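Here is how the chains run, residue by residue.
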Amino acid sequence: MSSYASFYINGQELLHWRNELSPMATSLFTKNDIIRGQGKDGVRLIKQYGLSIYDNDYTEDDVDWEIALAVIDVATLKQRLSIYGYNAQLFNDSLDAHIGWLTELSGGSSDEMKSYYENDIKQINDLRGGKIPLRDLSHRLFEEIGFYNEAVAIWGVLHHEDVKDSDMTVLDISDLVEGGWLNDELENTDSNFLIPQDEFIPEIPIILTEGITDIKTLKKALHVIYPKLESNVRFLDTSFRPETNAAAIVKMIKSFAAAGINNRILAILDNDAAASEAMTKLPRNLSNNIKVIQYPELDLMTSYPTIGPQGEINMNINGLAGSIEMYMGKDILTDNDGNLELVQWGGYMNSVKKYQGSLINKSAVGSRFKGKDAADVNKWQDLRYLWDYIIDNLSTL
C-alpha cells in the first residue's frame, strides 16, 4: 500500500510525494523541525496547521496513529533557500528555460498543441508576475505546466505577495512514518536531516574565515540569532594551518580553484586593509562555486576612536580595521570606564594605499564576548546584520 507526504503553506498543499521524499525536500527540513502527536495531540496539530485532509479520518481516539510534521516559518525557509543558492535571478532563469523548452516543443506541433503550449507559457509568465492567486498555486498547477523544479516552485510561492514571513510551512510525513518509509532516516544519528549529507541537493555551503575566533563568533551568533539555520552551513576549520590571515585564505582559495573543487565555498575576510591587499592576489575569474568577500561596513565604525602618530582621533575605520571583534556589539567594545576600546594604526599597505589598524585590547573584548547576554537580542544587531549579509551572498553563490 502506498504512503504519501505533502508540503503545505498555511494549510494549502503545494507538493506531494509517494513512498519517499525528494532530496530537495529533505534538505530543507531538519529533524529538529519535527513535531509529533497522537490522539488529542494529533488533533491539535491538525487544527493548528490547517490540515483539512484529516478532517474526517483522524480523531482523538486514534492513539496508535501518529501525526508527524516538520514545521518552520516562511522566513526561515526563505533563508535556507538563500543559503542553498536560490534567488530571484535563478527563479526567473528557470522559468525562462522552461518557456524555451515549451516554445521548442510548440514549433513543430499542430495548432491544437500550440494552443496548449501557449497556455502553459502564459501561466508561467503569470506565475512570474504574481498574477496567479495563492489558492491556485498547487502541485496540480505545476504538473499541468510540466514544471518539476521543486525548490524553484517553493521559492516562487514563498515570495508571493500574499505569503507573510510569519506564515507556517509544513512537511507532513505522517503517512511515510506510519508506513515505515523513514525508519532508517529517523534513526540515523550521523545527520540532522532526513537524508545523508552526501546525497544533498543542493550541497551545504562551506564558509572560510581568517581564524578560529571568527568561526567561534559566527557560530555563537548563529545559535543566538538564527538557531534554525545551524545545520545549513559548514565552517572549514583552518586552525591546523600555521598561518591564519587573509593572505593565507587567499592562497587556499587559489589552490581550491586550481584543483577544480566543486564545493560551494564562501570565504569571508576582515573589513580591513590587509584583507583588501590580499584580495588583489585573487585570480580575475574564479569559478562560480567560489566567492570571496569582506565583512560589510558598519555604522559604528564610521567614527571610531583611534590612536597613532597623530594622537587620538575618531576616524572612519571601515576597510581599515574591521576585524570580527568590531561586530560583537558596542556593549562588548566598551571598556569598564565606558569608553570604546582604541584601534591602533600599524603598517601601510602600499598596494591598496591604506593603513592597517587593529584593536589594542582585543583579548579583553574577546573575554567580554564570552559572557554576552544571549537573551537580549537587541545587543546582537550588528552580528545579525553580518549574518544577513552572509546569507545574501550565499544566495548568489
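Here the structure is a predicted model, which means the values were calculated and not measured.

Calculation notes
- Counting of residues starts from 1 at the beginning of each chain's written sequence and follows it residue by residue.
- Local features are withheld for residues below a pLDDT of 70 in this predicted model, meaning they are given only at 70 or higher, and side-chain atom pairs are given and counted only at 80 or more; totals for whole chains, interfaces and linings count all residues.
- Water and hydrogen atoms play no part in the side-chain values, which are based on all heavy atoms of the structure.
- Two strands pair under a simple rule: DSSP has to find at least two bridges between them.
- Numbering of helices and strands starts at the N terminus; helices are DSSP runs of H or I of at least 4 residues and strands are runs of E of at least 2.
- Whether two residues are in contact is decided by their heavy atoms, any of which lying within 4.5 Å being enough.
- Structural elements are reduced to axes, namely lines fitted to C-alpha atoms, with helices fitted over the stretch in contact, and the angle between N-to-C directions of any two is expressed from 0 to 180 degrees.
- Method remark: on a 1 Å grid restricted to protein atoms, a set of points is classed as a cavity if a 1.4 Å probe fits but cannot get out and as a pocket if it is open with protein on both sides within 12 Å along at least five of seven lines; lining residues have an atom within 4 Å of a point.
- Grid points are joined across faces, edges and corners, and a volume is the space filled by probe spheres set on the points.
- Note that Gly is not counted as nonpolar here; it falls among the polar residues with everything else outside the nonpolar set of Ala, Val, Leu, Ile, Met, Phe, Trp, Tyr, Cys and Pro and the charged set of Asp, Glu, Lys and Arg.
- By definition here, a helix of n residues has an expected span of 1.5 Å times n minus one.
- Exposure categories follow from relative accessible area, calculated using a 1.4 Å probe and restricted to protein chains: below 20% of the type maximum is buried, above 50% is exposed, and the middle band is partly exposed.
- Picture the helix axis, draw a direction to every C-beta atom, and the arc is the one those directions span.
- Each angle gets one of four labels, with under 35 degrees taken as roughly parallel, over 145 as roughly antiparallel, 65 to 115 as roughly perpendicular, and the rest as oblique.
- Note on convention: near helix rotated counterclockwise from far helix by under a right angle means a left-handed crossing. Clockwise means right-handed.
- Within this document, salt bridges are pairs made up of a side-chain nitrogen of Lys or Arg and a carboxyl oxygen of Asp or Glu, the two lying within 4 Å of each other.
- What makes a nonpolar core is a set of buried Ala, Val, Leu, Ile, Met, Phe, Trp, Tyr and Cys residues whose side-chain atoms join them at distances within 4.5 Å.

### Examining the sheet that holds strand β7 (residues 234–235)
With parallel pairing, the 4 strands of this open sheet are ordered in space as β7-β6-β8-β10. One side of each edge strand has no neighbouring strand; the edge strands of this open sheet are β7 and β10 (290–294). With 4 bridges joining them, strand β6 (residues 206–209) and strand β8 (residues 265–269) adopt parallel strand pairing. By the bridge assignment, I206 is partnered in β8 with I265. Docked against the sheet, helix α11 (residues 246–259) engages β6, β8 and β10, running at close to 165° with respect to β8.

### What about the layout of surface pockets?
In this structure, the largest pocket spans a volume of roughly 500 Å³. Lining the largest pocket we find 27 residues, and of these T213, D214, I324, E325 and K362 sit closest to its centre. Looking at the lining of the largest pocket, the elements that each hand over two or more residues are α10 (212–225), β15 (354–359) and α14 (362–370). Looking at the lining of the largest pocket residue by residue, the classes come out as 7 nonpolar, 11 polar and 9 charged. By volume, the second largest pocket amounts to about 230 Å³. As for the second largest pocket, its lining consists of 13 residues, of which Y4, I53, Y54, D172 and D175 are closest to the centre. Looking at the lining of the second largest pocket, the elements with two or more residues in it are β1 (4–9), β2 (12–18) and α8 (174–178).

### Some details on the sheet that holds strand β3 (residues 34–38)
One open sheet holds the 5 strands; their spatial order is β2-β1-β5-β4-β3, and the pairing between them is antiparallel. Looking at the sheet topology across the chains shown, the edges are occupied by β2 and β3. The mean angle between the axes of side-by-side strands here comes to 25°, regardless of whether they run parallel or antiparallel. Contacts from helix α2 (residues 40–48) reach β3 and β4 (66–73) within the one sheet, and its direction differs from that of β3 by about 130°. This element, helix α7 (residues 150–158), spans β1, β2 and β5 (168–172) of the sheet and lies at about 170° to β2.

### Quick notes on helix α15 (residues 381–394)
The periodicity of an α-helix, 3.6 residues per turn, causes residues three or four places apart in sequence to face the same way. Between its first and last C-alpha atoms α15 spans 20 Å; for 14 residues at 1.5 Å apiece the expected length is 20 Å, and the two agree. Buried residues of α15: L383, L386, W387, I390, I391, N393 and L394, and no others. Along the axis of α15, the buried residues cluster in a sector spanning 160°; they form a single face.

### What about the packing of helix α4 (residues 88–107) against α7?
Contact geometry of α4 with α7 gives a least axis separation of 10 Å together with a crossing angle of 120°. Relative to α7, the element α4 is oriented oblique. Crossing of α4 over α7 shows left-handed handedness. When α4 is examined against α7, the residues A88, F91 and S94 are found in contact with a partner set consisting of V152, W155 and G156. Tallied by class, the residues present in the contact of α4 with α7 amount to 4 nonpolar, 2 polar and no charged.

### What to know about empty space enclosed by the protein
Under the definition given, this model contains 1 cavity of 30 Å³ or more. When its volume is computed, the largest cavity comes out at roughly 50 Å³. If you go around the largest cavity, the residues you meet are I9, Q12, L14, L134, L137 and V157. For the lining of the largest cavity, a count of residues per class yields 5 nonpolar, 1 polar and no charged.

### Structural notes on the pattern of salt bridges
Taken as a whole, this structure holds 9 salt bridges when the rule is applied. A salt bridge links D331 to K372, with the shortest nitrogen-to-oxygen separation between them at 2.9 Å. Taken together, the positions of D331 in helix α13 (residues 330–333) and K372 in the loop between α14 and α15 put the pair 41 residues apart, joining distant regions of the chain.

### Some thoughts on the nonpolar core
F7, L21, L81, I154, I173, W387 and I390 are the most contacted members of the largest nonpolar core, which has 93 residues in total. No other element matches α7, which puts 7 residues into this core. Aside from chain neighbours lying at most four places away, what touches I173 is L21, I34, A68, L182 and L194. Grouped together as the second largest cluster of nonpolar side chains are 16 residues, A267, A275, A278 and L282 included.

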